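Observations on chain architecture
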Amino acid sequence: MNDASNYADLLVQHHNVVDQLLTILWLQLNTLLIEHAGEVHSERNATIVLPILIVLNHLVSCNHDIWGKVKEYIFPSCDENVFLQKVEMHQKEVSEGHPEEETQRNSRKNMHPIDAPVGTIRWKLIKLMTFAESNVKRCASELLWKICREDPGEFVLRCGFGNAVHMLGIKGLYTIPKSS
């Protein structure tokens, strides 16, 4: 995939191919996180999802049409109004500083995603961001980072600070304090 942009253009011409790649992502995430959830070896078997994450990362990076299709798949536009309302409420809570709401949302740092219902593709990808297998963690985080236009604010709102902090550190946007 050295000439990824030409390859991506070819895939855009054949829309069905991108849909098939997203179906593969869905199937592999379900296998890993739903069918094998709680099994002793589930995190060790996490590498099954790596090839599709790597391919999608490359394609999203080099083709805006594919980026849009993948973003629509992970963060559907039909859910965007709900997300924007939750962001507005969160920003209002932060500016007003309501202590009772801070305990419900785990403080003002937005430790959890604002809108990632259990079972959705975004929930599954966000779950991979904290996997023990470092390659899976990195590839899932990179894909979400690219889908969020490499915008740290959007990335934290969509993924939660607790999930995003590792990638923010890799990108040099957050320094994890050293213990004394």
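Residues numbered from 1 in each chain as written. Predicted model: local features only at pLDDT ≥ 70, side-chain atom pairs only at ≥ 80, totals over all residues. Heavy atoms only, no water.

With that settled, consider the environment of Val156. Locating Val156 in the fold gives a position in helix α9 (residues 152-159). Val156 sits in the buried class, given a relative accessible area of 15%. Along the chain, Val156 and Ile114 lie 42 residues apart, while their C-alpha atoms are 8.9 Å from each other. (Helix = DSSP H or I, 4+ residues; strand = E, 2+ residues; numbered from the N terminus. Buried < 20%, exposed > 50% of the residue type's maximum accessible area, 1.4 Å probe, protein only.)

Glancing now at the packing of helix α8 (residues 134-147) against helix α10 (residues 161-170). Relative orientation of the contacting elements α8 and α10 amounts to 85 degrees, with a least axis distance of 10 Å. Taken together, the axis directions place α8 and α10 in an arrangement best described as roughly perpendicular. Across the interface between the two elements, Lys137, Arg138, Ser141, Glu142 and Trp145 of α8 pack against His166, Met167, Leu168 and Ile170 of α10. Here the residues of the contact of α8 with α10 are counted per class, giving four nonpolar, two polar and three charged. (Axes fitted to C-alpha atoms, helices over the stretch in contact; angles between N-to-C directions. Parallel < 35°, antiparallel > 145°, perpendicular 65-115°, else oblique. Contact = heavy atoms within 4.5 Å. Nonpolar A, V, L, I, M, F, W, Y, C, P; charged D, E, K, R; others polar.)

The residue Glu142 is located in helix α8 in this model. Sequence separation of Glu142 and Ile54 is 88 residues, and the distance between their C-alpha atoms is 9.2 Å. Contact partners of Glu142, with chain neighbours within four places excluded, come to Asn57, Met167 and Lys171. In terms of polar contacts, Glu142 uses its side chain to reach the side chain of Lys171, at 3.2 Å. (Polar contact = N/O pair within 3.5 Å; in protein donor to acceptor, adjacent residues only side chain to side chain.)

Next up on the list: unusual backbone geometry. At Arg149, a residue that is not glycine, the phi angle is positive and equals roughly 60 degrees. The exposure class assigned to Arg149 is exposed, which follows from its relative accessible area of 53%. Even without glycine at this site, Glu150 takes up a positive phi of about 55 degrees. If you trace the backbone, Glu150 turns up in the loop between α8 and α9.

It is worth spelling out the pattern of salt bridges at this point. Enumeration over the complete set of coordinates arrives at 10 salt bridges. A salt bridge links Glu142 to Lys171, with the nearest nitrogen and oxygen atoms 3.2 Å apart. With Glu142 in helix α8 and Lys171 in the segment after α10, this residue pair connects regions lying 29 residues apart in the sequence. The exposure class of Glu142 is buried, given its relative accessible area of 10%. Overall, the relative accessible area of 32% leaves Lys171 in the partly exposed class. (Salt bridge = Lys/Arg side-chain N within 4 Å of Asp/Glu carboxyl O.)

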